[in-house]
Amino acid sequence: MLESEELSKGIQDCVMKIVKKREDKVVNGEAGRFGNDFLGLLVNAYHDSDENNRLSTEDLVDECKTFYFAGQDTVNSLLAWIVFLLAIHGDWQEKARREVIEIFGNQIPNSEEMSKLKIMTMIIYETLRLYGPSNGMMRRTESDVQLGKLILPANLDLLVIHAAPHHDPQLWGDDVHLFKPERFAEGIAKATNYNAGAFCPFGLGPRNCVGMNFATTETKIVLSMILQRYTISLSPTYVHSPIPYITVQPQHGIQVILESLYNDA
Ligand code: HEM
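Reading the values: rules and limits
- Residue numbers run consecutively from 1 along every chain, following the written order of its sequence.
- Confidence filtering applies because this is a predicted model: local features only for residues at pLDDT of at least 70, side-chain atom pairs given and counted only at 80 or more, and all residues used for totals across whole chains, interfaces and linings.
- Only hydrogens and water are removed before side-chain values are computed, so all heavy atoms of the structure are retained for them.
- Numbering goes from the N terminus for both helices and strands, where a helix is a DSSP run of H or I of at least four residues and a strand is a run of E of at least two.
- The buried label goes to any residue with under 20% of its type's maximum accessible area, the exposed label to any with over 50%, and the partly exposed label to all in between, with areas taken from a 1.4 Å probe on protein chains only.
- The contact criterion used throughout is that any non-hydrogen atoms of two residues lie within 4.5 Å.
- Only the protein chains shown count as cover for residues, with accessible areas throughout obtained via the Shrake-Rupley method and a probe of 1.4 Å.
- In summary, the charge assignment counts Lys and Arg as positive and Asp and Glu as negative, without counting His or the chain termini.
- To locate a charge, take atom NZ for lysine, CZ for arginine, CG for aspartate or CD for glutamate.
- UniProt positions are given in the numbering used here, feature names are shortened, and annotations may be inferred rather than shown by experiment.
- Whether a residue is near a molecule or strand depends on its heavy atoms: it is near if one of them lies within 4 Å of it.
- Whenever a nitrogen or oxygen atom comes within 3.5 Å of another N or O atom, the pair is scored as a polar contact, on the condition that within protein one atom can donate a hydrogen and the other can accept it, and that pairs from neighbouring residues in sequence are kept only if both atoms are in side chains.
- Here, two cysteine sulfur atoms that lie within 2.5 Å of each other are counted as a disulfide.
- Multiplying 1.5 Å by the residue count of a helix minus one yields the expected span of that helix.
- Each patch is built from residues that are more than 30% exposed by relative accessible area and take part in no salt bridge. Like charges join if they lie within 9 Å; nonpolar side chains (Val, Leu, Ile, Met, Phe, Trp, Tyr) join within 5 Å.
- We define a salt bridge as a side-chain nitrogen of Lys or Arg found within 4 Å of a carboxyl oxygen belonging to Asp or Glu.
- Residues belong to one nonpolar core when they are buried, are Ala, Val, Leu, Ile, Met, Phe, Trp, Tyr or Cys, and are joined through side-chain atoms within 4.5 Å.
- For helices, the axis comes from a line fit to the C-alpha atoms of the stretch in contact; other axes are also lines fit to C-alpha atoms, and the angle between any two N-to-C directions lies between 0 and 180 degrees.
- Orientation labels follow simple angle bins: below 35 degrees gives roughly parallel, above 145 gives roughly antiparallel, 65 to 115 gives roughly perpendicular, and whatever is left gives oblique.
- Polar here means any residue other than Ala, Val, Leu, Ile, Met, Phe, Trp, Tyr, Cys and Pro, which are nonpolar, and Asp, Glu, Lys and Arg, which are charged; Gly is therefore polar.

Comments concerning the overall build of the chain
Scanning the chain from N- to C-terminus turns up nine helices and eight strands. The burial tally for the chain puts 31% of its 265 residues in the buried class. Put simply, 61% of the contacts in the chain that link residues at least 6 apart link residues at least 24 apart. Surface exposure of the chain reaches about 16,600 Å², of which carbon and sulfur atoms provide 55%. The averaged location of the 34 negative side-chain charges in the chain is 4 Å from the averaged location of its 24 positive side-chain charges.

This is the structure:
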């Protein structure tokens, strides 16, 4: 067996073990249904009584792989770059912490008040612009199309790199490479001068990211909880080297120093 086949089988076994745990709960009478979270819905479809609607094992595993990858690596990467940027921009770290404490105090963030996090939203957008986790969008031309001066033939595979619009000084100004969350103070539309293509970290069109709201909410919760507890500064061992490795990753990791805001912790 090829190594790639072995790896693929390993991943399939790992996913099916998790699925089996869900199934066992129903078989053993510990739960009445497979659950109404995303995995539960997939397992339900896997057991659909109508054969035509039933999800195959391959599709079940593929869906789990997609959501694990799409949901895990992207948010990890975004959080890592935000922590890095706040570590070197202490003023924004302080502003974000003040906002979090004002809204949530020391309580666990709740969804009702999440929309009040204006400063944090600006920081998230600016990090997505500078170090958005996704490298680009894949597209295929269905027919011949003209793109600016280029004529693209039909059936051409394209990778539209996000860094092109996100780092374009014509769209963002000469300070395009600087971390300036204030660009987004009045929202995305104003920041981009109503040009939807200028900022598209979650893609564009009918197949854009389905996890966008989930990802931003998750990021806000985690970041709020870090800021409620620690100050962040950059370790002298850090070496800056972002590389596109499926997501945009820090090649040597991001080493930061966390100091508790409370003496007793
Ligand atoms: C910061 C976090 C994330 C970023 C930057 C991101 C970015 C993207 C991008 C650029 C696309 C392609 C869109 C297009 O081609 O127009 C995409 C698709 C997708 N994302 Fe995300 N994503 C993130 C988080 C998530 C999360 C948390 C989930 C799931 C829980 C998720 C699930 C998906 C799925 C399933 C697709 C494919 C949608 C389709 O083809 O219809 N993503 N994402």
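Some remarks on the UniProt feature "binding site: heme" (unreviewed entry) in the chain
This chain's UniProt record puts "binding site: heme" (unreviewed entry) on Cys209. Positionally, Cys209 belongs in the loop between helix H8 (187-191) and helix H9 (212-229).

Description of the site of the ligand
Looking at the ligand, there are 21 residues lining it, with Ala70, Arg139, Leu204, Arg207 and Cys209 nearest. At a separation of 2.7 Å, an oxygen atom of the ligand approaches a polar side-chain atom of Arg139. For the shell around the ligand, the elements supplying multiple residues, two or more each, are helix H3 (57-88), strand E1 (136-140) and H9. Top contributing element to the shell around the ligand by residue count: H3, with five residues.

Points about the environment of Val43
For Val43, the location among the structural elements is in helix H2 (residues 38-46). Sequence separation of Val43 and Arg33 is 10 residues, and the distance between their C-alpha atoms is 9.7 Å. When near neighbours in sequence (up to four residues on either side) are disregarded, Val43 contacts Val19, Glu23, Phe34 and Leu60.

Observations regarding the state of the cysteines
Applying the stated criterion across every chain yields a total of zero disulfides. Looking at Cys14, it has no disulfide partner, and the nearest cysteine sulfur is the one in Cys64, 10 Å off.

A few points about H9
For H9, built from 18 residues, the straight-helix expectation of 26 Å at 1.5 Å per residue is met to within 8% by its first-to-last C-alpha distance of 26 Å. The complete set of buried residues in H9 reads Ala215, Thr216, Thr219, Lys220, Leu223, Ser224, Leu227 and Gln228. Looking at the buried positions of H9, the neighbouring elements they touch are H3, helix H4 (90-104), helix H5 (118-131) and strand E5 (230-234).

Side note on a nonpolar patch on the surface
On the surface, a nonpolar cluster with roughly 410 Å² of combined accessible area is contributed by Phe38, Leu41, Phe67 and Val210. Counting through the fold element by element, Leu41 comes out in helix H2. For Leu41, a relative accessible area of 49% puts it in the partly exposed group.

Topic: the nonpolar core
Ile82, Trp92, Leu117, Met120, Ile123, Trp172 and Leu227 are the most contacted members of the largest nonpolar core, which has 39 residues in total. Secondary structure elements with two or more residues in this core: H3, H4, H5 and H9. Ranked by the residues each element gives to this core, the list is headed by H3, at 10 residues. Not counting the four nearest positions on each side in its chain, Leu117 is found in contact with Glu99, Val100, Ile103, Phe104, Lys220 and Ser224. Counting 10 residues, the second largest nonpolar core, distinct from the first, contains Val15, Leu39, Tyr46 and Cys64.

Re the pattern of salt bridges
Tallying each qualifying case throughout the model produces 12 salt bridges. Linking Asp13 and Lys9 is a salt bridge whose minimum nitrogen-to-oxygen distance equals 2.9 Å. One end of the pair, Asp13, and the other, Lys9, are both in helix H1 (residues 3-27), four residues apart, so they sit about a helical turn from each other. Its relative accessible area of 37% is what places Asp13 among the partly exposed residues. Under the relative-accessibility criterion, Lys9 is labelled partly exposed at 43%. Notably, a salt bridge pairs Glu126 with Arg129, separated by 2.9 Å at the nearest N-O pair.

Structural notes on the packing of H3 against H5
In the contact formed by H3 and H5, the axes pass within 10 Å of each other and the chain directions differ by 105 degrees. Between H3 and H5, the angle is such that the two are roughly perpendicular. Where H3 approaches H5, its residues Leu78, Trp81, Ile82, Phe84, Leu85 and Leu86 are matched on the opposing element by Ile123, Ile124, Thr127, Leu128 and Tyr131. Class assignment of the residues belonging to the contact of H3 with H5 gives a composition of 10 nonpolar, one polar and no charged.

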